[in-house]
Amino acid sequence: MTNVKLEKAIDQGDYLLALITVNNIPDIGDKSGLRLLCNLEQAIAACKKLIAEGYRLTDYWTDPDVGIVFTLKKKK
């Protein structure tokens with residue numbers, strides 16, 4: 001089943017790195033795609049929350065083995 005995961009901030013020297021992942025495990029009962037869209041909304045809301053805390057969205061990508069990943073950075 002698809003879900004959204006906010007990883008604990010990673011210390012990268014001068015920056016904190018946050019990753020938000022929508023995994024690609026299919027939800028068999030989601031015939032319409034609504035669950036995926038709800039998870040994307042949840043991930044976007046998490047991104048907006050981090051942006052309000054001083055992070056900035058630096059990258060987003062999809063990976064067939066992982067899912068959709070949003071990368072946000074914040075200067076310490």
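The sections below set out a description of the structure shown in this document. (Residues numbered from 1 in each chain as written. Predicted model: local features only at pLDDT ≥ 70, side-chain atom pairs only at ≥ 80, totals over all residues. Heavy atoms only, no water.)

Describing the overall build of the chain
Then comes step 1: Helix and strand counts for the chain stand at one helix and five strands.
Then comes step 2: Written out in order from the N terminus, the α and β elements of the chain read β-β-β-α-β-β.
Then comes step 3: For the chain, the spread of C-alpha atoms along the three principal axes comes to 45 × 25 × 15 Å.
Then comes step 4: Residues classed as buried in the chain amount to 26% of the 76 residues present. (Helix = DSSP H or I, 4+ residues; strand = E, 2+ residues; numbered from the N terminus. Buried < 20%, exposed > 50% of the residue type's maximum accessible area, 1.4 Å probe, protein only.)

What about helix α1 (residues 34–52)?
Then comes step 1: Over its 19 residues, α1 extends 27 Å from the first C-alpha to the last, a length consistent with the 27 Å expected when each residue adds 1.5 Å.
Then comes step 2: Buried residues in α1 make contact with β1 (4–6), β3 (15–23) and β5 (67–75).
Then comes step 3: In the segment just after α1, G54 is the residue with positive phi, at about 105°. (Expected span 1.5 Å × (residues − 1). Contact = heavy atoms within 4.5 Å.)

Considering a nonpolar patch on the surface
Then comes step 1: A cluster of nonpolar side chains, namely I51, L57 and Y60, defines an oily patch on the protein surface of about 320 Å² accessible area.
Then comes step 2: On the secondary structure map, I51 appears in helix α1. (Patch = residues over 30% accessible without salt bridge, like charges linked within 9 Å, V, L, I, M, F, W, Y side chains within 5 Å. Areas by Shrake-Rupley, 256 points an atom, 1.4 Å probe, with all protein chains shown as cover. Salt bridge = Lys/Arg side-chain N within 4 Å of Asp/Glu carboxyl O.)

Digging into the nonpolar core
Then comes step 1: If you look at the biggest cluster of nonpolar residues, it comprises 11 residues: V4, A18, I20, V22, A43, A46, C47, L50, Y55, F70 and L72.
Then comes step 2: Of all the secondary structure elements, the ones that give two or more residues to this core are β3, α1 and β5.
Then comes step 3: Per element, the largest residue contribution to this core is four residues, and it comes from α1.
Then comes step 4: Those residues in contact with V22 that lie beyond four places of it in its chain are T2, N3, V4, L36, N39, L40, A43, V66, G67 and I68. (Core = buried A, V, L, I, M, F, W, Y, C linked by side-chain atoms within 4.5 Å.)

What about the pattern of salt bridges?
Then comes step 1: Under the criterion given, the structure shown has two salt bridges.
Then comes step 2: Ionic pairing is found between E7 and K5, a salt bridge with its closest N-O pair at 3.5 Å.
Then comes step 3: With relative accessibility at 32%, the residue E7 sits in the partly exposed group.
Then comes step 4: Residue class for K5 comes out partly exposed when judged on its relative accessible area of 47%.
Then comes step 5: The salt bridge involving D11 is made with K76; its shortest N-O contact spans 2.5 Å. Highlighted residues: D11 in strand β2 (residues 10–12) and K76 in the segment after β5, separated in sequence by 65 residues.

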